[in-house]
Amino acid sequence: MALVALISWWKTRGTVDSKEGYFLAGRGLGATFIAGSLLLTNLSAEQLIGLNGSAYGFNLSSMAWEVTAAIATIAMAFIFLPKYLAGAFTTLPEFLNDRFDPVVRRMSVILFMLGYGLVTIPSVLYSGSVAVLQLFNVTELTGLDYFPALVATVISIGLIGSVYAVFGGLKAVAISDTINGIGLLIIGILVPVLGLIALGQGDFGLGVDKLVNDHPEKLNAIGGAEDPTPFGTIFTGMVFANLFYWCTNQYVIQRTLGAASLAEGQKGVLFSGFFKVLVPFLMMIPGVIAFHLYGPGLGSIDQAYPRLIKDVLPVYLSGFFLAVLLGAVFSSFNSLLNSAATLFSLDVYAPARKGQASDADLVRVAKIASIVIALFSFVVAPMLYFAEAGLWQVIRIFTGFYNIPTVVIVIVGLFTARVPALGAKLVIVFHVIAYGLLRFVLDDVLTIHFLHQYAILFIIEVGIMLTAGIFKPRETAWAFTRNEQVDMTPWRFARPLAITLFSCVVALYLLFSPIGLAGIMDSLFYALIGILLMANIGIWFRARAKTLTI
């Protein structure tokens, strides 16, 4: 952890005093740092414990949240990122201001800030602290009762994570994320390998044989109605949830806005998609291994991963695992903190100063905002302990208050020219009221899955905006204003790599299905995989030949 901090400081010294240096890493992030930071920002203790717990208690259906995100990264690389970079936007609300008006900008900032400050940041701190408490017996080591130990862990994690966001800006966040990402990949590979060796009683091959042949239904990713993620939701609300997260969520897209060029941004985004394809192997197969080792008798499904870690990971690696776990928590926390401060400084403070704020003022205000938000989260995060059942439900669905309207407004804004700001304002107000009624008033009456509700609301809200465009269109058509600050030449291998990434998603669902490992592995499986493989070979040969011709 000290090494990560030292490298981050060394790489960022003297580069974070300006607006672009602090908020966008000087528009100099390469593909490696973008991909590494996206990976660690997205993955935290919640995924390590939650995904493995879902695999232990049910099957692999919850891999949909991770694997299908790869398709959203393709959309980001080809549709959203070129627009964001061509306009040289620093925040998403800045784009909404350009497309609609300052009121829409302020409304979007309010939604983001409330979501980050009240729920997302405290929940990341809380879940990360609980994971550390569970995996490392902090109460026994310190002699503290559970709640004081929780408070101490929250503050310790929060203080260290805050240092990166407050003093190093986005560049320090991206560098620390990438280095910690290497550690996460090492642990991610090591745990299932050691777990399979334990399952085979010292024989890795025997462990693989037991994993595949005993209880093959655990390897099924085609979720039914009773599973955590029904298969049908992949084609409805999950599409829009992933588009929001990977294409419009400020704390995720901010590192792509700091790309050194469009080509580097596309590489980084697409490489992160391949990491998402690896998640079932790294963060769900261990849960299935735990089921084979311990049976269904664990007190809670969330105990599966901590128990496996304690049993298969050598003691001498426990410190390294702790550093990796904390690195994952730091990443999500400091990314959220950095983005919340960016939104406040650039979309609240700067407009209030009517463009008179200097770069030094903006950076100073962002640092103050980071400290205030961090201190607030230190107070809120431990409080989740006292109302865990109710608040965890709110946390799980809270992003639903702002994810769908954000996606609707951005997509309609990008692809239409006459839809007015009124349409965006109506959508935000309608969605907050309608979604609140669906989740908290009519929840027992309308039992449709919340992801299907996302899709229904998306269609209705697109209709609202288009209707506003018909009956009260803008007086002058909106025209995108280019303000290119980086090289906008697309990466020549982006298209074939995107096709390969999509093929990997399809292949994973074939592998973890009744015609694959979860069933009889019949000739249909091999035929479909063969078609995918031959198609990709042809596409890459064509791309290579075209490059040589050029």
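Values in this document were obtained by computation on a predicted structure and should not be read as measured data.

1. Examining the environment of A174
Tracing the backbone through its elements, the reader meets A174 in helix 10 (residues 146-199). Distance from A174 to G423, taken between C-alpha atoms, is 36 Å for residues 249 residues apart in sequence. The contacts of A174, once residues within four sequence positions are left out, are L29, F33 and S37.

2. A few points about the pattern of salt bridges
Tallied over the full model, the rule gives 7 salt bridges. Measuring nitrogen to oxygen at the nearest pair gives 2.2 Å for the salt bridge that ties K276 to E66. Here K276 is found in helix 14 (residues 262-283), whereas its partner E66 is found in helix 5 (residues 64-67), with 210 residues between them in sequence. An identical accessibility class is assigned to K276 and E66; each is buried. For D361, the salt bridge goes to R364, with nearest N and O atoms at 3.7 Å.

3. Let's talk about the packing of helix 20 (residues 403-415) against helix 21 (residues 421-440)
It is the contact of helix 20 with helix 21, at a shortest axis distance of 9 Å, that shows an interaxial angle of 165°. Accordingly, the angle class assigned to the pair helix 20 and helix 21 is roughly antiparallel. The way helix 20 lies across helix 21 gives a crossing that is right-handed. Across from I404, P405, V408 and I409 in helix 20, the residues of helix 21 making contact are A424, V427, I428 and H431. Residue composition of the contact of helix 20 with helix 21, grouped by class: 7 nonpolar, 1 polar and no charged.

4. A few points about the packing of helix 21 against helix 22 (residues 450-471)
Relative orientation of the contacting elements helix 21 and helix 22 amounts to 155°, with a least axis distance of 10 Å. Classed by the angle they form, the pair helix 21 and helix 22 counts as roughly antiparallel. In terms of crossing hand, the pair formed by helix 21 and helix 22 is right-handed. Facing G423, A424, L426, V427, F430, H431, A434, Y435, L438 and R439 of helix 21, the residues of helix 22 in contact are F450, Q453, Y454, L457, I460, E461, I464, M465 and A468. Of the residues contributing to the contact of helix 21 with helix 22, the split by class is 14 nonpolar, 3 polar and 2 charged.

5. Quick notes on the nonpolar core
F80, Y116, L270 and M465 are the most contacted members of the largest nonpolar core, which has 162 residues in total. Among the elements that take part in this core, helix 8 (residues 102-136) stands out by supplying 15 residues, more than any other. Discounting residues that sit within four places of it in the chain, M465 has contacts with F100, V408, I409, V412, V419, G423, A424 and V427. One finds Y22, A341, L362 and V363 within the second-largest nonpolar core, a separate group that totals 13 residues.

6. Side note on the environment of N403
Its place among the elements puts N403 in helix 20. Between the C-alpha atoms of N403 and A507, which are 104 residues apart in sequence, the distance is 29 Å. Residue contacts for N403: discarding those within four places in its chain leaves F244 and Y454. In this structure the side chain of N403 is engaged in a polar contact, spanning 3.5 Å, whose partner is the side chain of Y454.

7. Section: the packing of aromatic side chains
Here the distance between the centres and the angle between the planes together describe a pair of aromatic rings. Under the criterion given, the structure shown has 30 aromatic pairs. Considering the side-chain rings of F401 and F440, the 6.2 Å spacing of their centres and the 10° angle between planes classify their relative orientation as stacked. With F401 in the loop between helix 19 (388-398) and helix 20 and F440 in helix 21, the pair connects residues that are 39 residues apart, well separated along the chain. Owing to a relative accessible area of 47%, F440 belongs among the partly exposed residues under this scheme. For the pair W478 and F480, a centre-to-centre distance of 6.1 Å together with 75° between the ring planes defines the contact as edge-to-face. Each member of the pair, W478 as well as F480, is classed as buried. One aromatic cluster in this structure is built from F112, Y116, F244, Y245, W246, Y251 and Y402. A cation over an aromatic ring shows up here: K83 above the ring of F480, its NZ or CZ 4.7 Å from the ring centre. The ring of Y294 carries R307 above its face, with NZ or CZ at 4.2 Å from the centroid.

Rules and cut-offs
Residues numbered from 1 in each chain as written. Predicted model: local features only at pLDDT ≥ 70, side-chain atom pairs only at ≥ 80, totals over all residues. Heavy atoms only, no water. Helix = DSSP H or I, 4+ residues; strand = E, 2+ residues; numbered from the N terminus. Contact = heavy atoms within 4.5 Å. Salt bridge = Lys/Arg side-chain N within 4 Å of Asp/Glu carboxyl O. Buried < 20%, exposed > 50% of the residue type's maximum accessible area, 1.4 Å probe, protein only. Axes fitted to C-alpha atoms, helices over the stretch in contact; angles between N-to-C directions. Parallel < 35°, antiparallel > 145°, perpendicular 65-115°, else oblique. Left-handed = near helix turned anticlockwise from the far one by under 90°. Nonpolar A, V, L, I, M, F, W, Y, C, P; charged D, E, K, R; others polar. Core = buried A, V, L, I, M, F, W, Y, C linked by side-chain atoms within 4.5 Å. Polar contact = N/O pair within 3.5 Å; in protein donor to acceptor, adjacent residues only side chain to side chain. Phe/Tyr/Trp six-rings, centres within 6.5 Å; stacked < 30°, edge-to-face > 60°. Lys NZ or Arg CZ within 6 Å of the ring centre and 35° of its normal.

Worth remembering: the numbers are spatial, not functional.
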